[in-house]
Amino acid sequence: MNIFTFGDLLEHFPNRHIDKTSVSTIAEISAATDFIQVKGVIEDIAIIGEKRSKRLVAYLRDRTGLLELCWFQGINWVQKNLHAGSHYLVFGKTGFFNGRPQMTHPELEVWSPSLADGKNYLEPIYPTTEKLKSRALNGKQIGKLTQVLISLISPKDIRENLPEHLLQKLKLEGRFNSYINIHYPKNYEEYNRALERLKFEELFIAQTRLGLTRLDRHRKSQGVIFEKVGDIFNNFYNNYLPFQLTGAQKRVLKEIRTDTARGRQMNRLLQGDVGSGKTIVALLSMLLAADNGYQSCMMAPTEILATQHFLGLSHLLKEMPVNIRLLTGSTKTAERREVLGKLADGSLNMIVGTHAIIEDPVVFHSLGLAIVDEQHRFGVAQRAKLWNKAPLPPHVLVMTATPIPRTLAMTAYGDLDYSVMDELPPGRIAITTVHRNEMHRVKVMDFIRDEITKGRQAYIIFPLIEESDKLDYENLMDGYEHIKAFFPEPKYRISMVHGRLPAQQKETNMQRFVSGDTHIMVSTTVIEVGVNVPNASIMVIENAEKFGLSQLHQLRGRVGRGSEKSYCILLTGNKLSNDARERIKIMCATNDGFKIAEKDLELRGPGDIEGTRQSGALNFKLASLINDKELLERAKVEADLILQQDENLNAEENLRLKTYLQLQKGKTVWSRIS
Ligand code: ADP
Ligand code: MG
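Not measured: the values here are computed from a predicted model. (Residues numbered from 1 in each chain as written. Chains lettered and ligands numbered in written order. Predicted model: local features only at pLDDT ≥ 70, side-chain atom pairs only at ≥ 80, totals over all residues. Heavy atoms only, no water.)

Caption draft 1: A look at the domain arrangement of the chain. When the domains of the chain are assigned, the result is domain 1 (6–152), domain 2 (231–421) and domain 3 (432–590). Computed over C-alpha atoms only, the centres of domain 2 and domain 3 are separated by 29 Å. Tallying the contact residues gives 16 residues for domain 2 and 19 residues for domain 3. Summing both sides of the interface, domain 2 and domain 3 together bury roughly 1,400 Å²; the carbon and sulfur share of this comes to 59%. When the buried area of domain 2 at its contact with domain 3 is split by residue, Val 274, Ile 304 and Gln 308 rank highest and sum to 40% of it. The interface formed by domain 2 and domain 3 includes two residue pairs in polar contact (both at pLDDT 80 or more). Of the residues belonging to the side of domain 2 that touches domain 3, the class tally is six nonpolar, five polar and five charged. (Domains from an automatic or database assignment. Contact = heavy atoms within 4.5 Å. Buried area = accessible area lost by both parts, 1.4 Å probe. Polar contact = N/O pair within 3.5 Å; in protein donor to acceptor, adjacent residues only side chain to side chain. Nonpolar A, V, L, I, M, F, W, Y, C, P; charged D, E, K, R; others polar.)

Structure below.
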């Protein structure tokens, strides 16, 4: 169980307690009674019943009534050790049988006067394993170990690590007491205080550590300086920006502007809902780089998306004196050579592409800014490659595909600078999302036909089941044949994109849909991120139950980008798991990516959320990112406050915190290396 030291045992926390602090009377037992402790005399011990209903029954009498005790297992042993006429203290879960109170497999203790008022603490029950249970270390017996341990320790073994002023301000229990009381509390109130203190400590220590990392990076990481907002930026902003920026876009731009001007490397996470307009923020930042004589790059996870970005950006920049090119895995050799040459001699200002642009042969003349779009498909190693592309590391702006819950962002990305775009461009018409049974596919197809007649376009998405590429393909092809039967050529034209198509073909098919030449895009999830076709107004998702929430939200985000009312139709069969039903329900209920992200976290837990890296900061023993949001916010506020006033933790009052952090850091874990 990963318990090697006393410290480990101390942090093996009980998952519940049972209340043996009071002794009740038998008359008090009601249907609402759960676990209870009573005292009485045993009468009438007898084995009754045959075979499977064979059981040992005894009666316990107190001055108020009679309680039936019943054993189905270990009958002989119990019979030998139970003595009629003796006094016992009995503990267990009560029920009623034939209208009489009954207790099955109770715990028994021979009565002694010292037990008169029950125990003076709640009894802890610990998590354990089947194997340990079979070796007599069940959830209760582990308590015998913790009890001994606790009798051995004193406050000097568990020194306070939170500053006194913080304890006072938040009225938190002391550290030593909390460790005792989380195991052996006198009552539930004491337990809750201990739990709160230890949860807070966990979150606060993590936030302090993240804050220190952030500060350390700020201090150490020199970065290129974008001194000015110049002609290129201003010219574009004043003459070619196709719309007014939203307040959120302006705010984030200002944050980026400040960040890139102060001489340290920007490492910023930009969170925004699907369609909140992250691309234009990226472009404006790239113009800022160009104004200051620096090159910039934008990386996307797929070729389709990179191509889209490239076409979109070059269109916006067509009147601007900047050179922008595309580089992906399928760029032809001659062109590649040319692009690489221009990157190296500085005549290219911007490059858009896939991972290809951070591969070794790519040399930049003066890379100053790297944008990473839909970052969860980029690994840490890939990001690290960026660092070798310039003498000073370029500024980095990471844009998430869908929102991450705030609690998760605060812990998993707490060492990054962080911007949120929580506002959609004006005039968006909310997408209507509905859930339909597959049996009614014909109706759905009729609906698509009507929309196409009105000049719209539709996506039909099939799931990608990673275990079986072949099945996916067959599923998609089946679907495609079906759809073709509904929408016969030449009147209707269909594009299809899937993982098995060569890149060139994918792109051609995609482009036909983008240009409006085809009416329907049939696809696996390669389409998922980023694609922008404002005329498309329908998103049909086949086997919607197979998709995760953030994926569904991403897919839905492909529509609702134009001026027309858009629809998202989730098709499923009859059989749905509870989780799938829940996912579909929330999709139909809201378009808000931040809400959906919260729900996703609730349904799946922090370890599985896309877009978050595995982070030590997430391994909390007690605190939960789902249930302890407020405590986390508080911990962050307090940690930031302390670091703001004393960034090296040198103040007298913060020394215990500093000492603790240093000890933790250097903690040798020899015992665990096995
Ligand atoms: P995402 O944040 O999902 O990457 P995009 O950058 O693709 O979103 O923007 C979605 C759409 O909204 C695009 O068509 C873009 O041109 C448009 N858009 C972005 N910002 C604004 C704005 N301030 N006003 C109007 N439309 C905008
Ligand atoms: Mg995008």
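Structure's up, so let's keep going.
Caption draft 2: Up close: the site of ligand 1. In the vicinity of ligand 1, 16 residues are found, and the nearest of them are Gln 244, Gln 249, Gly 275, Thr 279 and Arg 428. One of the side-chain N or O atoms of Gln 249 is found 2.9 Å from a nitrogen atom in ligand 1. Between ligand 1 and Asn 532 there is a distance of 3.1 Å, counted from an oxygen atom to a side-chain nitrogen or oxygen. Its free accessible area being 570 Å², ligand 1 has 83% of it covered by the protein chains. Under a 2 Å grid-point criterion requiring more than half of the atoms, the pocket assigned to ligand 1 is the second largest pocket. Residue composition of the shell around ligand 1, grouped by class: four nonpolar, eight polar and four charged. (Near = heavy atom within 4 Å. Areas by Shrake-Rupley, 256 points an atom, 1.4 Å probe, with all protein chains shown as cover. 1 Å grid on protein atoms, 1.4 Å probe; cavity = no way out; pocket = protein on both sides within 12 Å on 5 of 7 lines; lining within 4 Å. Sits in = over half its atoms within 2 Å of the grid points.)

Caption draft 3: Expanded view of the sheet that holds strand β17 (residues 457–461). Taken together, the six strands give an open sheet; going across it, the order is β16-β21-β20-β17-β19-β18, and neighbouring strands pair in parallel fashion. The sheet is open, and its two edges are formed by β16 (432–437) and β18 (494–497), each paired on a single side. For this sheet, the mean angle separating the axes of adjacent strands, direction not counted, is 20°. As judged from the four bridges shared by β17 and strand β19 (residues 520–523), these two strands associate in the parallel manner. Looking across to β19, one finds that Ile 460 is bridged to Val 522. Its contacts with the sheet place helix α18 (residues 549–556) against β16, β17, β20 (536–541) and β21 (567–572), and it is angled at close to 150° to β20. (Pairing = 2+ DSSP bridges. Helix = DSSP H or I, 4+ residues; strand = E, 2+ residues; numbered from the N terminus. Axes fitted to C-alpha atoms, helices over the stretch in contact; angles between N-to-C directions.)

Caption draft 4: Seen up close, helix α11 (residues 303–316). Taking 1.5 Å as the rise per residue, α11 with 14 residues should run 20 Å; its terminal C-alpha atoms sit 20 Å apart, in good agreement. If you check which residues of α11 are buried, you get Ile 304, Leu 305, Ala 306, Thr 307, Gln 308, His 309, Phe 310 and Leu 313. (Expected span 1.5 Å × (residues − 1). Buried < 20%, exposed > 50% of the residue type's maximum accessible area, 1.4 Å probe, protein only.)

Caption draft 5: Region of the structure containing unusual backbone geometry. With an omega of 0°, the peptide bond running from Glu 489 to Pro 490 counts as cis. Looking at the element boundaries, Pro 490 is found in the loop between α16 (469–486) and β18. Notably, Lys 51 is not glycine yet its phi reads approximately 45°, a positive angle. Structurally, the position occupied by Lys 51 is in the loop between β2 (35–48) and β3 (55–62). Owing to a relative accessible area of 78%, Lys 51 belongs among the exposed residues under this scheme.

Caption draft 6: Quick look at the sheet that holds strand β10 (residues 295–299). As summarised here, the arrangement of the seven strands in space is β11-β12-β10-β13-β14-β9-β15, forming an open sheet in which the pairing is parallel. Edge positions in the sheet fall to β11 (324–327) and β15 (417–421), since each of these pairs with one other strand and no more. Across this sheet, the average inter-strand angle for adjacent strands is 20°, counted without regard to direction. Relative to β15, strand β9 (residues 267–272) runs parallel, the two sharing five bridges. From the neighbouring strand, Gln 271 faces β15, where its bridge partner is Val 420.

Caption draft 7: Focus on the nonpolar core. Residues Phe 200, Phe 204, Cys 297, Ile 351 and Leu 386 are the most contacted members of the largest nonpolar core, which totals 51 residues. Excluding anything up to four places from it in sequence, Leu 386 contacts Cys 297, Met 299, Ile 358, Leu 367, Ala 370, Pro 394 and Val 396. (Core = buried A, V, L, I, M, F, W, Y, C linked by side-chain atoms within 4.5 Å.)

Caption draft 8: Representation of the packing of aromatic side chains in the model. For the structure on display, the rule yields 10 aromatic pairs. An aromatic cluster of at least three residues, connected via ring pairs, comprises Phe 486, Phe 487 and Tyr 492. For Arg 449, the ring lying beneath its charged end belongs to Phe 487, and the centroid distance is 5.7 Å. In this arrangement the basic side chain of Lys 565 is found over the ring face of Tyr 567, its NZ or CZ atom lying 5.7 Å from the centre. (Phe/Tyr/Trp six-rings, centres within 6.5 Å; stacked < 30°, edge-to-face > 60°. Lys NZ or Arg CZ within 6 Å of the ring centre and 35° of its normal.)

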